[in-house]
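# Reading the structure
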Amino acid sequence: MADEGDSKGMIAQEERELRRVFDHLAGFRLKKKLGQGIASLKERKSQLEFSNSNFSSNSAPIFDAAGKKMTQPEIVAELHEVEAEIEHHTAELAALNAASTARVIKSEDLYDAIKALGKVCSKKEIADMIWEADENLDGAVDWEELRGMFNRNLLDKTELEPVNLFNVVQFMTYDKKLCGTITADDTMAILFARYGQAQLETKMKTLFGDSDELSFVNYLDRVGKQRKPKKVPPTN
């Protein structure tokens with residue numbers, strides 16, 4: 001007999017965490033590219049500022065993209081250009097993060113996000129995950145599709161529902177720091193809200209075993225083994 005927590009749909013706490021995961025995944029590749037670009041520009045800005053402030057002593061020479069030593073006017077000019085680029089990219093990233101509609105999770109977003117957690121998937125594996133939730137067959141997953149997929153898996157008693165995408169995003173609902181590792185403390189609040197105090201210890205033991213934490217790869221392996229093996233029909 002299934003536990004009560006295994007047969008009810010998404011609870012409010014899970015939905016809040018799932019929304020956070022969707023916001024993280026939607027446009028992940030572009031947000032990552034913009035973030036890396038901003039970090040690189042800020043590093044260049046620091047170098048330019050230091051060289052400019054110490055130019056008279058000639059103790060901090062700086063070079064342009066062609067490897068030519070820069071004059072002070074050239075330093076100041078590039079500094080203004082870099083500051084403008086930082087402002088532009090920062091505004092673009094803020095707009096992307098603030099957008100609440102017309103956002104989707106594409107294959108490249110899912111690939112990069114999973115890779116950041118420590119696992120590299122093939123293009124087919126990623127495409128299969130997108131398919132699990134892609135109800136309108138546009139090759140991407142929007143919020144309602146992700147929400148529907150997650151809820152279907154929570155309600156599924158047959159274990160016939162595809163779970164690869166579900167397992168990925170469920171791990172991410174636990175992994176609030178998005179660092180690729182979860183601890184017992186990370187999961188306890190959601191498991192308590194779903195199963196209650198009576199089942200909490202059993203559920204924690206089932207998930208973590210004798211460990212205090214699980215990496216993303218370990219988690220996928222653990223939840224994969226918890227599913228009932230499919231019965232193979234006898235051959236004559």
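Model, not experiment: these values are computed from the prediction.

In this section: the overall build of the protein. Scanning the protein for helices and strands turns up 10 helices and 2 strands. Overall, the protein shows an N-to-C arrangement of helices and strands of α-α-α-α-α-α-α-β-α-α-β-α. Taken against the 2.2 N^0.38 rule, which gives 18 Å for 236 residues, the C-alpha radius of gyration of the protein at 24 Å runs more than 25% over that of a compact globule. Within the protein, the fraction of its 236 residues that count as buried is 35%. Within the protein, residue pairs in contact and separated by at least 24 positions form 64% of the contacts whose partners lie at least 6 positions apart. Carbon and sulfur atoms make up 54% of the accessible area of the protein, which amounts to about 14,100 Å² in all. Of the charged side chains in the protein, 33 are positive and 40 negative; the average position of the first set lies 3 Å away from that of the second.

Time to look at the packing of helix α8 (residues 184-195) against helix α9 (residues 197-208). Between α8 and α9, whose axes approach to 9 Å, the crossing angle comes to 135°. Viewed along their axes, α8 and α9 adopt a mutual orientation that is oblique. In the crossing of α8 with α9, the sense of the turn from one axis to the other is right-handed. Contact residues: α8 offers Ala184, Thr187, Met188, Leu191, Phe192 and Tyr195, while α9 offers Gln197, Gln199, Leu200, Lys203, Met204, Leu207 and Phe208.

The subject of this paragraph is unusual backbone geometry. Of note in this structure, Glu159 is not a glycine but carries a positive phi near 60°. The topology assignment puts Glu159 in the loop between α6 (143-155) and α7 (164-174). Positioned with a positive phi, Leu178 is a non-glycine residue whose angle comes to about 50°. Here Leu178 lies in the loop between α7 and β1 (181-183). We classify Leu178 as partly exposed; its relative accessible area is 27%.

With 43 residues, the main nonpolar core has Ile105, Leu110, Ile114, Leu146, Leu165, Val169 and Tyr219 as its most contacted residues. If you list the elements that add at least two residues to this core, you get α1 (12-25), α4 (107-116), α5 (123-133), α6, α7, α8, α9 and α10 (216-226). The element best represented in this core is α7, accounting for 7 residues. Residues in contact with Leu165, not counting those within four places in the same chain, are Leu110, Met129, Glu132, Ala133, Leu146 and Met149. Counting 8 residues, the second largest nonpolar core, distinct from the first, contains Leu41, Ile62, Met70 and Leu79.

With that settled, consider the environment of Leu48. Among the secondary structure elements, Leu48 is positioned in helix α2 (residues 28-53). Excluding anything up to four places from it in sequence, Leu48 contacts Ile62, Met70, Ile75, Glu78, Leu79 and Val82.

As a further point, take the packing of aromatic side chains. The tally for this structure, following the rule as stated, stands at 5 aromatic pairs. Plain terms: the ring middles of Phe150 and Phe166 are 4.9 Å apart, the flat faces sit at 45° to each other, and that makes the pair tilted. Here the residue Phe150 occupies a position in helix α6, and Phe166 occupies one in helix α7, the gap between them amounting to 16 residues. Each member of the pair Phe150 and Phe166 is classed as buried. Members of the aromatic cluster, connected to one another through ring pairs, are Phe171, Tyr174, Phe216 and Tyr219.

Let us now look at the domain arrangement of the protein. Examined at the domain level, the protein breaks down into domain 1 (29-98) and domain 2 (104-226). Using only C-alpha atoms to locate each centre, domain 1 and domain 2 end up separated by 39 Å.

Let us look at α6. Over its 13 residues, α6 runs 18 Å from end to end, which matches the ideal 18 Å to within 8%, given 1.5 Å per residue. Listing the buried residues of α6 in full gives Trp143, Glu145, Leu146, Met149, Phe150, Asn153 and Leu154. Buried residues in α6 make contact with α1, α5, α7 and α8.

Enumeration according to the criterion identifies 13 salt bridges in this entry. Note that Arg19 is salt-bridged to Asp23, the shortest N-O span being 3.3 Å. Of this pair, Arg19 and Asp23 both sit in helix α1, separated by 4 residues, roughly a single helical turn. Of the charged contacts, one joins Asp23 and Arg103 as a salt bridge, the two residues approaching to 2.6 Å between their closest N and O atoms.

Definitions and cut-offs
Residues numbered from 1 in each chain as written. Predicted model: local features only at pLDDT ≥ 70, side-chain atom pairs only at ≥ 80, totals over all residues. Heavy atoms only, no water. Helix = DSSP H or I, 4+ residues; strand = E, 2+ residues; numbered from the N terminus. Rg over C-alpha atoms; globule rule 2.2 N^0.38 Å. Buried < 20%, exposed > 50% of the residue type's maximum accessible area, 1.4 Å probe, protein only. Contact = heavy atoms within 4.5 Å. Areas by Shrake-Rupley, 256 points an atom, 1.4 Å probe, with all protein chains shown as cover. Lys, Arg positive; Asp, Glu negative; His and termini not counted. Charge placed at Lys NZ, Arg CZ, Asp CG, Glu CD. Axes fitted to C-alpha atoms, helices over the stretch in contact; angles between N-to-C directions. Parallel < 35°, antiparallel > 145°, perpendicular 65-115°, else oblique. Left-handed = near helix turned anticlockwise from the far one by under 90°. Core = buried A, V, L, I, M, F, W, Y, C linked by side-chain atoms within 4.5 Å. Phe/Tyr/Trp six-rings, centres within 6.5 Å; stacked < 30°, edge-to-face > 60°. Domains from an automatic or database assignment. Expected span 1.5 Å × (residues − 1). Salt bridge = Lys/Arg side-chain N within 4 Å of Asp/Glu carboxyl O.

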